[in-house]
Amino acid sequence: MKTLQEFLEEQFDQEMMLAVLSGQRKKDADVPSKVRIRPVEIKGTVCYQATATVGQKAIHKNYTHEEVTAYITDCLEDGFSQLQIQGQRKDASVLVSKKGKQTMKVKQHPALEPVKIMAHNRVKQYILKEGIPVPFLVDLGVMNAQGKVHQHSYDKFKQINRFLEFIEDILPALSREREITILDFGYGKSYLTFAMYYYLRELKGYDVNIIGLDLKTDVIKKCSGLAQKYGYEKLHFLQGDIADYDGVTKVDMVVTLHACDKATDYALAKAVEWGAEVILSVPCCQHELNDKIQNELLKPVLKYGILKERMSALLTDGIRAELLESKGYRTQILEFIDMEHTPKNLLIRAVKTGKKQSTDSLAEMTEALHADLILEKLLYPQGIQTEKGAQKP
């Protein structure tokens, strides 16, 4: 039987693309919750860049081949319970039980397009490359026929790539062994919907079935025509609202971008109901708490309308994230695009772990703010029960 060190040395070959350490068992603000490792080129030599997420910070460190396998070995013996490795021809995983038993697996898959190792400290390497024409980006006006990004669309091009980076991070949560169902609500012009399908199916080889829901018939007609034109047989655009959509019983990933105010809450609740492994949500127009928030200590600040509005928006998304944590999701709030473009583009990313967090502190805070929000009612129709057995009023 191979040792963990021997197993890692075999997996970290020239075709390794990404490794993710997750499932940190230590609850400490100074301990990384996740580590992403990818090959990079420095002065002509391939090494491995580890990006550790500690709270909202990302800490980078480079390792040689020998160092990175030793580092991962230490991580798995000292707190992390899971390692997922993605390669061009195979994926591998290591799971560590509570008793310390290590289970190592390798699964072969069809060869993917070779990925060039990223050069360190050079021009930003986007997932979708400028100079390589992508049909839907051409038709949607982001690129010309030669693959050059139009100057007026460069922010959109960067946003699309940033969104795909968020998806790249959660790939270990998506199965390669079956069809993956993704529901995208409120896709609008569908830049990101097409990008998601192209990336997962065409570039990464996942068997995905994406259902886009929107209320506008003209948008649905246009997007359906484009999907048919490109031969995207598993990309469907339908008219409907996620709150009452019953076309599926199980969804692996829910994406909801710029769903206005309470529409975000209905989408998040539906995702939890479906048992989605991944949730990506960019909320907007968070009015609900702004109309309700009250607190004597904050009263001197809340009298300023613009401050009250911004505080309410941030608190709303924080409460949403905590409610998802209470339902067994590991949740982050991340910046979607640069803040100079818009102050509202924060993304809630939640990955299902099954480990439900206590709602005691959340219940205490929301009671103090009079923050009786719709998502709480949807997730806890009988009210939040605290660990002490009390029920939030």
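Calculation rules
- Residues numbered from 1 in each chain as written.
- Predicted model: local features only at pLDDT ≥ 70, side-chain atom pairs only at ≥ 80, totals over all residues.
- Heavy atoms only, no water.
- Helix = DSSP H or I, 4+ residues; strand = E, 2+ residues; numbered from the N terminus.
- Rg over C-alpha atoms; globule rule 2.2 N^0.38 Å.
- Buried < 20%, exposed > 50% of the residue type's maximum accessible area, 1.4 Å probe, protein only.
- Contact = heavy atoms within 4.5 Å.
- Lys, Arg positive; Asp, Glu negative; His and termini not counted.
- Charge placed at Lys NZ, Arg CZ, Asp CG, Glu CD.
- Pairing = 2+ DSSP bridges.
- Axes fitted to C-alpha atoms, helices over the stretch in contact; angles between N-to-C directions.
- Patch = residues over 30% accessible without salt bridge, like charges linked within 9 Å, V, L, I, M, F, W, Y side chains within 5 Å.
- Areas by Shrake-Rupley, 256 points an atom, 1.4 Å probe, with all protein chains shown as cover.
- Salt bridge = Lys/Arg side-chain N within 4 Å of Asp/Glu carboxyl O.

Trainee: Got a minute to help me understand the overall build of the protein in this structure?
Mentor: Across its full length, the protein holds 12 helices and 15 strands. For 393 residues, the compact-globule estimate of 2.2 N^0.38 gives 21 Å, and the C-alpha radius of gyration of the protein, at 22 Å, lies within 12% of that figure. Counting all 393 residues of the protein, 49% fall into the buried class. Residue pairs in contact within the protein that sit at least 24 positions apart in sequence constitute 66% of those at least 6 positions apart. Across the protein, the mean location of the 54 positive side-chain charges is 1 Å away from that of the 53 negative side-chain charges.

Trainee: In this structure, what is going on with the sheet that holds strand β12 (residues 253-260)? I would like to understand it.
Mentor: Adjacent strands of a sheet form backbone hydrogen bonds with each other and so pair up, either parallel or antiparallel. Taken in spatial order, the 7 strands line up as β11-β10-β9-β12-β13-β15-β14 in an open sheet, and their pairing is mixed. In this open sheet, the two strands that pair with only one neighbour each are β11 (235-239) and β14 (329-335). Across this sheet, the average inter-strand angle for adjacent strands is 15°, counted without regard to direction. Direction of pairing for strand β9 (residues 180-185) relative to β12: parallel, over a ladder of 4 bridges. Bridged to Phe185 within β12 is Thr256.

Trainee: Help me understand a nonpolar patch on the surface, please; the structure alone is not making it clear to me.
Mentor: A grouping of Val301, Tyr304, Ile306 and Leu307 is seen on the molecular surface, where their side chains present a nonpolar patch of about 350 Å² in accessible area. Positionally, Ile306 belongs in helix α10 (residues 305-326).

Purely spatial values, then, with no claim about function.
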